[in-house]
Amino acid sequence: MAGDSSFDVVSDFDEQELRNALDQVRREVQQRYDFKGVTVELTQGKTELTLLTDDEHRAAAVCDLIKSKAIRRNLSLKIFDWGKVEPAGGNKVRQAIALRRGLPDDLARKLSKLIRDEFPKVKSQIQGEAIRVSGKSKDELQKVIVRLRELDEDVPLQFENFR
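The present account deals with the structure reproduced in this document. (Residues numbered from 1 in each chain as written. Predicted model: local features only at pLDDT ≥ 70, side-chain atom pairs only at ≥ 80, totals over all residues. Heavy atoms only, no water.)

Some details on the sheet that holds strand β1 (residues 5-10)
What the 4 strands build is an open sheet, ordered β6-β7-β1-β8; its pairing is antiparallel. The open sheet is flanked by β6 (122-127) and β8 (158-160), the only strands paired with a single partner. Going across the sheet, the axis of each strand differs from the next one's by a mean of 25°, ignoring polarity. Relative to strand β7 (residues 130-135), β6 is paired through 6 bridges, and the arrangement is antiparallel. Counterpart to Lys 123 in the pairing with β7 is Ser 134. Strands in contact with helix α3 (residues 105-118) are β6 and β7; relative to β6, the strand with the most contacts, it is inclined by about 170°. (Pairing = 2+ DSSP bridges. Helix = DSSP H or I, 4+ residues; strand = E, 2+ residues; numbered from the N terminus. Axes fitted to C-alpha atoms, helices over the stretch in contact; angles between N-to-C directions. Contact = heavy atoms within 4.5 Å.)

So this is what it looks like as C-alpha cells:
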C-alpha cells in the first residue's frame, strides 16, 4: 500500500431528503385540525425556504414540524438558518429560512489550523468549500475525524472519499 490516505471534510445535505421532508410537512398541515382554513405556503428555492402563513404562532408550529421531519430524514438541524418572522401584507407573515451549504472560509481556515496544530503527521488543504485531509496513517486520519466530530460548529460536517 503506497502513498497517503485521505478524506474530505464537507458541509452538505441531501436535497431530495429535504424535499421529501417538506412534502411530509405540507401533507401534515393539510391533515391537522389546528391548521383548517389557514394559509400555509412552503416554497423551496436554491438556497432558501420561504414560509408564508397567517400568524407567528402558526409559523412556529410549522417550524417545529420542519425540524421533526428533518430529523426523521437524517438531516441536521444546522443546515437551517431561521430568519425573522416579518409581516407580509394581507394579514400574513413571512419567514425566510436560509439553507447552509459548504464550509465558510473562516471556518475552513479554523479547522485547517486545528488539524495542523493537533495532528502534526497529517496535512490539510482547503479546496473550495471542502478541506482535504491526508496522511500516511489511517489511524491518524480517524483520530482527526473523531476530533472534528467533537466540535460544536454552526454547520454540519460530513467526511467523504475516505481512501
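Let's talk about the pattern of salt bridges
Per the counting criterion, the structure on display carries 17 salt bridges. One salt bridge in this structure joins Asp 23 and Arg 26, with 2.8 Å as the shortest N-O distance. Here Asp 23 pairs with Arg 26, and both are found in helix α1 (residues 15-31), just 3 residues apart, close to one helical turn. On the basis of relative accessible area, Asp 23 is assigned to the partly exposed category, the value being 30%. (Salt bridge = Lys/Arg side-chain N within 4 Å of Asp/Glu carboxyl O. Buried < 20%, exposed > 50% of the residue type's maximum accessible area, 1.4 Å probe, protein only.)

A word on unusual backbone geometry
Of note in the backbone geometry, Asn 74 takes a positive phi value of approximately 60° without being a glycine. Its location among the elements puts Asn 74 in the loop between α2 (56-72) and β4 (80-87). Phi is positive for Asn 91, close to 55°, though the residue is something other than glycine. Within the secondary structure, Asn 91 sits in the loop between β4 and β5 (93-99).

Observations regarding the packing of α3 against helix α4 (residues 138-150)
Each pair of packed helices gets described by two things: the angle between the helix axes and the distance between those axes. For the pair α3 and α4, interaxial distance at closest approach is 11 Å and the crossing angle is 130°. In terms of orientation, α3 lies oblique with respect to α4. Both α3 and α4 take part in a crossing whose hand is right-handed. Between α3 and α4, the residues in contact are Leu 111, Leu 114, Ile 115 and Glu 118 and Val 144, Arg 147 and Leu 148, respectively. (Parallel < 35°, antiparallel > 145°, perpendicular 65-115°, else oblique. Left-handed = near helix turned anticlockwise from the far one by under 90°.)

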